[in-house]
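Listed below are the residues making up each chain.
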Amino acid sequence: MSDQKKNDEIHGVVAYFDDVDSVMSAARKVRDAGYKKWDAYTPFPVHGIDEAMGTKPTILPWIVLGMGLTGMACGLLLQWYTNAYDYVFLISGKPNWSLPANIPVTFEVVILFSAYTAFFAMLGLNKLPHLSNPLHKLPKFRRVTADRFAICVEAKDPNFDADRVRAILGADTSEMEDCPVDTSRAALPLWFHAVMALVTCATFIPLSLAVKGRFATSEKPRYHVWPDMDFQRKRKTQTGWEGFEDGRSMRLPVEGTIPRGELRDDFELYFGVAQGSSVPPRATYDAGSMGGEKHEWLQSFPTAVVVDEALLERGRERYGIYCGVCHGAQGNGLGAVALRAKAIDAEQWGWVSPKALQSDSAKAYTNGELFHIASHGISSMKGYGSQITPKDRWAIVAFVRAIQASQALPKAPGDLPEGVDFEPVPTIKDVRLSEASVDAPAGGTEPAGEAR
Amino acid sequence: MTITDPSAFGSQPSGEDDPSVRPSLVEGVNEDFSSVTDAVAGIAEIPVERTNRAWIICFAISVSLLGMLGMLILHLITTGVGVWGNNNPAYWGWPIVNFVFWVGIGHAGTLISAILFLTRQNWRTGVNRAAEAMTIFAVVCAGMFPGIHIGRVWVAYWLFPLPNQMAMWPNFRSPLLWDVFAVSTYASVSLLFWYMGMVPDLATFRDRAVNNTRRIAYGIFSLGWTGSSRHWHVYERAYLLLAALATPLVLSVHSVVSFDFAVSQLPGWHTTIFPPYFVAGAIFSGFAMVLTLMIPARQFFGLKHIITMRHIDVMCRILMATGLMVGYAYSIEFFIAWYGGVQYESFAFVNRAFGNYWWAYWIMVTCNVIIPQLFWSKKLRANLWVVMIVSITTNIGMWFERFVIAVTSLSRDFVPSSWGYFSPTWVDVTMFIGSFGLFFTLFLLFLRFLPVVAIAEVKTVMPQAHAHGEDHGESHSAGGSAAAPASRHDA
């Protein structure tokens, strides 16, 4: 019992050595004596002491390997999620996800994870930081980080017997002492606790501000750190400014000048009317359609436009881009937009269906009138003049004429060669809901009535 | 800088003339563990009032320059990047040149600590700590430039893949983003590496502390290190792993920096030789900086027996070797420009050497290729004045290399109508000078308060550190055998 008590009082027996050889020899003896809770303390890593102490190889490399692989997975996942999944970058038609471009960052993340792991796992395995150690209380022990060596056999070891330990260490040591258990507890001053509590609370302020900013709504405009970027000293387009007499911030062209490329002196080409005649306004059905005899509409094509196969081909292409979505590829008024509108019964909200372009009324338009409609629209249809160049609009007119001549014929033309199948192009009346919409029931002949 | 001990300059080469006998790593008669500890720890233990005069003067200058840098940054942020000379067509001017310059310098440290550690070049132990510190401070300077170059520094977090109010992510196909990852990984891993190496030495400082402030400060940072052999075991493994990780890292960083240029289409930048060429240049400039710093430091702080003439000799040789590599890269660039037969490329290179910026090009060639040839002579390698001058001209030359690459190519791009001539503003110049203030402030503080030499590591390469088989009956008393030329110990 008394022996046990004595063991409780001391942390262990510490022996000091002056050189590498003696500490190694003592370490071997302690190892052979079967102690487990002991250690050799040296100012630098002594070569061969691991074997002398019987230290087992550390698992640190495996931890680092594991975290390195984790880093690789994280690096790849991060890049895939951010650039190929959540916010896809389209760059020069390259694939959304291509490994070579992701190698550098993946590599860096692997290194980052492994290096941090090597450091922090080293601390963890060594149970550091460990600021309060009874050994630090021994004045003699301080030289161990400079030029001396020490072995401490701890009292916690089940086989610990102070006298036996002293006998084992005695052969090589130059000095020996008992290390008392550290009973002093250095209490931190009160102000330290107060300051730390305040600092800890303060660290939550930025986080809570971020959380508030994320989830709360605010009437106030965003805070401008440096306002000169958001509010620049300049006038924006289409705004007013009292600085000019007319109150606009933008200027009109100088009187009597025409901007480059905006000269409209060829009336046939630009307006579809005879040279020098009046330029018609936008057409609407209720205002008597195209204005009747008031305008000298062009019957054929402007002299600047050569009607040939290339023009028709161009017209087919442009028509497909700009007109076909509503009027249908064959001009029957069954473009994708029209069908969809039919399927959802858009007329209830005021939708106006595109007209078929093969109707007699459409056929009756002069070329000039068709051009005018393509440029400025008619009633509910908007104009495409701002998007399509005049020559391309004439190409579209030529193409519309071509489909009027070839499509929607009530019966096979007499001069059709033998053996050619003729099928009339469907018109809006023939559309059954099954074609317009997959989820609508099939079979009705009155599309409007069947729509849901 | 005033040289307090001129007699030390121009001392004779160390060791024997017989090349088969290696000079010992730690020089001097009767060196032992305690004297090494005393020499290194003594520097940090000088009481404040007895601080070296030269140190105080240098520190005062550095801190003033640092303050100037701070004011300039404020000026830049509140006014905008227009205060720099960067403008069409040279949008990358001095800030990027300075960034590459500093990040290049920051390579030697990790190279010395990691690659030379892995290849068991034990001579590194004398210089690695200071070189690592230099790395970190140089990377700090480097990181500053792109940081303030982005213009709106308050949104610098956009550089990182953080969720933000725009619901956008950065583009991982951009070399500039790779750079963010490479440089920040490099900075933080070097910091870990440096700090971890320092923990045992900080414990030495703690145990020698004469007052409470020092005891607490070093005590906290040494994490309670005792020198336990079980700790050393894990520690050494971790150090080896860190070295193994830092080696490819150090090579990758400057490669990625070179991608900033090489991945673009600009003639003069768009070349495959850039990554190895940049890495060689980085090592070159890094070693030059180590020499520039270590030669005065060893004089002032009495570390001549730890940072020996042999260290300086080896570093001079590395300097010359990397200088030759860089020179090779210069010539191969010209060869490829001619051999590739692309008129834009050949124009870019002819323009480099003979165009508007011919002076910068020839300063670069003179400093980086011609002057280091002096080191073929062993005598000149042993003359510290020569070494000092060559290391400084190398630094100058390497700055000009980056200037030549960045500015000559940009100022003469594909469209002749946008050609221009870059001229820096006073802010450019003073900011670059200020970055030296930042660097030297940190470095001088390091010299003054931290273990300048890896004390524990130096001890491992001393002859007494090795056990002598089983004959422990007659053990050496510490310090007994150091005087002998220890050729068999330093393998």
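About the criteria used
- Residues numbered from 1 in each chain as written.
- Chains lettered and ligands numbered in written order.
- Predicted model: local features only at pLDDT ≥ 70, side-chain atom pairs only at ≥ 80, totals over all residues.
- Heavy atoms only, no water.
- Contact = heavy atoms within 4.5 Å.
- Buried area = accessible area lost by both parts, 1.4 Å probe.
- Salt bridge = Lys/Arg side-chain N within 4 Å of Asp/Glu carboxyl O.
- Helix = DSSP H or I, 4+ residues; strand = E, 2+ residues; numbered from the N terminus.
- Buried < 20%, exposed > 50% of the residue type's maximum accessible area, 1.4 Å probe, protein only.
- Pairing = 2+ DSSP bridges.
- Axes fitted to C-alpha atoms, helices over the stretch in contact; angles between N-to-C directions.

Observations regarding the interface of chain A and chain B
Between chain A and chain B, the contact holds 73 residues from the first and 66 residues from the second. When chain A packs against chain B, the two sides together hide about 6,400 Å² of surface, and 67% of this comes from carbon and sulfur. Interface area lost by chain A to chain B is led by A:Asp21, A:Glu108 and A:Thr145, which between them contribute 10%. Linking chain A with chain B are one salt bridge.

So, unusual backbone geometry
Geometrically, the link from A:Leu128 to A:Pro129 is a cis peptide bond, its omega value of -5° lying close to zero. Look at the link from B:Asn88 to B:Pro89: it is a cis peptide, with omega at 0°. Residue placement: B:Pro89 occurs in the loop between α2 (53-79) and α3 (94-105). A positive phi angle, close to 60°, is found at A:Gln238, a residue other than glycine. Within the secondary structure, A:Gln238 sits in the loop between α8 (227-230) and α9 (267-271). A:Gln238 sits in the exposed class, given a relative accessible area of 70%. Backbone geometry at A:Ser379 places phi at a positive 45°, although glycine is not the residue there. Classification of A:Ser379 by relative accessible area gives partly exposed; the value is 24%.

Some details on the sheet that holds strand β4 (residues 175-180) of chain A
Residues and elements named next belong to chain A. Here we have four strands laid out as an open sheet, ordered β2-β3-β1-β4, and antiparallel in their pairing. For this open sheet the edge positions go to β2 (38-41) and β4, each flanked by a neighbour on one side alone. With strand direction ignored, the average angle separating the axes of adjacent strands in the sheet is 20°. Note: strand β1 (residues 10-17) against strand β3 (residues 149-154), six bridges, orientation antiparallel. Paired with Val 13 across the strands is Val 153, a residue of β3. Across the face of the sheet, helix α6 (residues 162-170) comes into contact with β1, β3 and β4 while running at roughly 10° to β1.

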